[in-house]
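Architecture at a glance
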Amino acid sequence: MPRFRTTFLSLLALVLACKKPAAETQPKKEAEAAAVKVAVVAVEELSVPRYLVLTGSLKADRETEVAADAAGKVLQTMVERGQPVKKGDALVRLDVQSAELSRAQARSQEHLARENAALAKLECERGEALYKGQAITKSEYDRRKSQCQSTELSVKLAETGAELAAKVVRDGIVRAPFAGVVGERFVNVGQYVRPDSRIASLYTIDPLRLELLIPEAQLGAVKKDLPVEFRVIAYPDDLFEGTVKYLSPALRARSRDLVAEAVVENDRGLLRPGMFAESRLRVGEQKLPVLPLTAVRRGEVAASIFTVASGRASERVVQLGDTVGKKIALLAGVKPGERVIDSPPPTLADGAKVQE
């Protein structure tokens, strides 16, 4: 029996010993629940830019598929894909030997026509003198005069033929109609081309045009000379700018939208025709609540802020707008005048006690 009592007392002492540390940790929990020191700012309301968010695509300012003006076999190609060219630079040289022979023949015919015209002019002058002296009849004089006039027309016809023959020879070298960059060459040496054959595609890439589709409901906010900024997937950290210059006079019947084009400088050469662009047009201003950037906690899914009411922090999800200097506009989730914690501690939780 004494042994049983001793065991019982030992267990009781062990239980009391276990309870004692729990009692000692109570002040620590109370300390942990103490108010967190925070800085509080009031939500302001400012006029911030209002944007119309659109999608668009880049296109060349000028683009064309250069065609041949003469027929012949390709003797030489002077350009490759991606090569810059100036206006008038040679792209392809054709075999125009037969055209050169035709030009020589046309020059000879022109020379002969001029000689005939010179003789006819002398005959006309002689005939006029004879007619005045009544040495020939009126009908003979009219015949000589008509012959003189016809030879003058023959000269003009021969001149035209010579010019056409010379043009065919000149067209044996296909040249760039404007400065740009070669997109693709469609012919190779030895290939026979006709006047309608494609030779090469040519693009002007500085400046470019950004084609935008404006919904019918937003037409009232869009006009010429509006600034537009956009990003492309290839360069996500670069912000490009342009200016609206061209507006279609009519909406597209199927999609009920209007095509607008902005001129975009491409002096760095980063942009290419065909790129997809996420764009926004600055169409005015609007008043929105704003907060310091440091007051917003950005999560993986959403952004939030902590408002203060009755000494406690209340976390609230907000919809972010654009940054304005060191502040950010809020589209939803807060109202002007509300009190918000600036630079909330990382450990701050919803419902925590706070002290200003």
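Residues numbered from 1 in each chain as written. Predicted model: local features only at pLDDT ≥ 70, side-chain atom pairs only at ≥ 80, totals over all residues. Heavy atoms only, no water.

**What to know about the packing of aromatic side chains**
Aromatic ring pairs are described here by two measures, namely the spacing of the ring centres and the angle between the planes. Under the criterion given, the structure shown has one aromatic pair. Centroid distance F230 to F240: 5.6 Å. Interplanar angle 25°. Geometry classified as stacked. Here F240 lies in strand 12 (residues 235-247) and F230 lies in strand 11 (residues 227-232), a separation of 10 residues in the sequence. Since its relative accessible area comes to 1%, F230 is described here as buried. Sitting over the face of the ring of F186, R198 holds its NZ or CZ atom 3.9 Å from the ring centroid. If you follow R280 out to its NZ or CZ, it ends over the ring of Y51, 3.8 Å from the centre. (Phe/Tyr/Trp six-rings, centres within 6.5 Å; stacked < 30°, edge-to-face > 60°. Helix = DSSP H or I, 4+ residues; strand = E, 2+ residues; numbered from the N terminus. Buried < 20%, exposed > 50% of the residue type's maximum accessible area, 1.4 Å probe, protein only. Lys NZ or Arg CZ within 6 Å of the ring centre and 35° of its normal.)

**Focus on the layout of surface pockets**
Within this model, the largest pocket holds a volume of roughly 200 Å³. Around the largest pocket, the lining residues are V53, L54, T55, E229, F230, R231, L239, E278, S279 and R280. Residue assignment for the lining of the largest pocket shows that the elements contributing at least two residues are strand 3 (44-67), strand 11 and strand 14 (276-292). When the residues that make up the lining of the largest pocket are grouped by side-chain class, the tally is four nonpolar, two polar and four charged. (1 Å grid on protein atoms, 1.4 Å probe; cavity = no way out; pocket = protein on both sides within 12 Å on 5 of 7 lines; lining within 4 Å. Points joined across faces, edges and corners; volume = space filled by probe spheres on them. Nonpolar A, V, L, I, M, F, W, Y, C, P; charged D, E, K, R; others polar.)

**As for the side chain of E261**
Tracing the backbone through its elements, the reader meets E261 in strand 13 (residues 257-264). Here the side chain of E261 touches K59 through a polar contact of 3.4 Å, side chain to side chain. (Polar contact = N/O pair within 3.5 Å; in protein donor to acceptor, adjacent residues only side chain to side chain.)

**A closer look at the pattern of salt bridges**
Side chains that differ in charge, positive against negative, can pair when their charged atoms come close. Counting across every chain of the model gives 15 salt bridges. One salt bridge in this structure joins R185 and E80, with 3.0 Å as the shortest N-O distance. Placement of the pair is R185 in strand 8 (residues 180-185) and E80 in the loop between strand 4 (72-77) and strand 5 (84-85), with a sequence separation of 105 residues. The class of E80 is partly exposed, set by a relative accessible area of 48%. Connected via shared salt-bridge partners are K59, D61, R209, E211 and E261. (Salt bridge = Lys/Arg side-chain N within 4 Å of Asp/Glu carboxyl O.)

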